[in-house]
Amino acid sequence: MADVVCLGLLVADIVARPVDTYPKRGELILCDSMTTSIGGCAANTGIGLQKLGIPTSIIGKVGRDSFGDYVRQTLSDYQLDTSGVALSDSVSTSSTMVIISSDAERSFIHYIGANADFTADDINWDLIKDAKLLHVAGHFIMPAFDGNPCAEVLKRAQQLGIKTSLDTAWDASGRWMETLRPTLPHLDYFVPSFSEAQKCVDPKLTSPHDVAKVFADAGVGTVALKMGERGSYVLGKDGEEIQMPPYRVKAVDANGAGDAFAAGFLAGVMHGFDLETTTKLANATGACVVTEVGAVAGFRSLDETMDFIKKQENGSKK
């Protein structure tokens, strides 16, 4: 039985690095490496939670194809419960070409695939009812589930006594808060990037507190904002504020850093850590992930991640 259910995006990534210039039409360029990697917010966050000692199951959708087989097998290899992964008969597995520059910045070419085919009818409630927390990972890229359908699922989970959380992705439709608003009263934890949170409320708001307070006033319990090189900001349900600087590491691939932060934060919640320690764990998990290529290779165990925090605070960069 899993303590956390990660519901959302499942993706097969093709990762090329380093790529600092793009080929002209009809031309070819070379890169040092090109690898297949698991991706998608639910997969990344779920693997992170499992590595941090939280039994996790996955709910999502893939196609009946080789990428779908790869996604399910990789999740199983990380000891996640994949019984909640539905199969689409009409579309292929979602996939992304991830192009990483020499300074670790990422660009993407994405095929939404089976993630667009996912609906509330695909949910295995037997997995959720025995869990302690339901995390929706990748809101805005599941068009048949985002908004009101998602809100109803979160509401039902809370009625069953299950904590809820949600992370966003980029909203290509530009609707942002219009789509997100129904979910907010049913969220115990909200862990978006600061830039996506700004787009939801008001791009002119530059204060993390002001942005987070909009969501808190709308009914969210705890808001944790991922702020990249600025670290993170957390507004607790009791008004406690945490402004946490980032841990300094040599980044080789920023892909999955936000999902790793979410995994660390939710792991801290599940382990019963206080808000400051939970935020440190979130920052550290994100920092560890960017030191390896791919969205999940850099995850460490809980003991290893806590040791990373101690070394960082003692002045070591390892």
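Please refer to the structure higher up on the page.
Being a predicted model, the structure only gives us computed values, none of them experimental.

Draft legend 1. Inspection of the pattern of salt bridges at higher detail. Inspection of every chain in the model, using the stated rule, returns twelve salt bridges. One salt bridge in this structure joins Asp-122 and Lys-61, with 3.2 Å as the shortest N-O distance. Of this pair, Asp-122 sits in the loop between β7 (106-111) and α3 (125-129) while Lys-61 sits in strand β4 (residues 56-63), and the two are 61 residues apart along the sequence. Measuring nitrogen to oxygen at the nearest pair gives 3.1 Å for the salt bridge that ties Asp-69 to Arg-72.

Draft legend 2. Representation of helix α10 (residues 302-313). The end-to-end C-alpha distance of α10, which contains twelve residues, comes to 17 Å, matching closely the 16 Å that a straight helix rising 1.5 Å per residue would cover. Among the residues of α10, Leu-302, Thr-305, Phe-308, Ile-309 and Gln-312 are the ones counted as buried. Along α10, the residues classed as buried sweep out an arc of 120° about the axis, all on the same side. Exposed residues on α10 whose side chains face more than 90 degrees from its buried face are Asp-303 and Lys-310. Buried residues along α10 sit against α1 (41-51), α8 (257-271) and α9 (275-289). Looking at the residues trailing α10, positive phi occurs at Gly-315, about 100°.

Draft legend 3. Quick peek at the sheet that holds β7. Taken in spatial order, the four strands of this open sheet run β3-β2-β6-β7, and their pairing is mixed. Bordering the open sheet on either side are β3 (33-39) and β7, each of which pairs with just one other strand. Averaged over neighbouring strand pairs, the angle between their axes works out to 20° when direction is ignored. Here strand β2 (residues 11-17) runs beside β3; their pairing, made up of seven bridges, is antiparallel. Counterpart to Asp-13 in the pairing with β3 is Ser-37. Along the sheet, helix α2 (residues 66-77) makes contact with β2, β3 and β6 (95-100), crossing β3 at roughly 70°.

Draft legend 4. Examining the state of the cysteines more closely. All told, the structure shown has zero disulfides when counted by the stated rule. Cysteine Cys-200 is unpaired, with the sulfur of Cys-150 as its nearest cysteine sulfur at 13 Å. By relative accessible area, Cys-200 is classed as buried at 5%.

Draft legend 5. Region of interest: unusual backbone geometry. In this structure, the amide linkage connecting Arg-17 to the following residue, Pro-18, adopts the cis form with an omega of -15°. Looking at the element boundaries, Pro-18 is found in the loop between β2 and β3. Unusually for a residue other than glycine, Gln-79 sits at a positive phi of about 70°. Summarising the element assignment, Gln-79 is placed in the loop between α2 and β5 (81-88). The residue Phe-140 is not glycine, and still its phi comes out positive at about 100°. Structurally, the position occupied by Phe-140 is in the loop between β8 (133-139) and α4 (148-159).

What counts and how
Residues numbered from 1 in each chain as written. Predicted model: local features only at pLDDT ≥ 70, side-chain atom pairs only at ≥ 80, totals over all residues. Heavy atoms only, no water. Salt bridge = Lys/Arg side-chain N within 4 Å of Asp/Glu carboxyl O. Helix = DSSP H or I, 4+ residues; strand = E, 2+ residues; numbered from the N terminus. Expected span 1.5 Å × (residues − 1). Buried < 20%, exposed > 50% of the residue type's maximum accessible area, 1.4 Å probe, protein only. Arc of directions from axis to C-beta. Contact = heavy atoms within 4.5 Å. Pairing = 2+ DSSP bridges. Axes fitted to C-alpha atoms, helices over the stretch in contact; angles between N-to-C directions. Disulfide = S-S within 2.5 Å.

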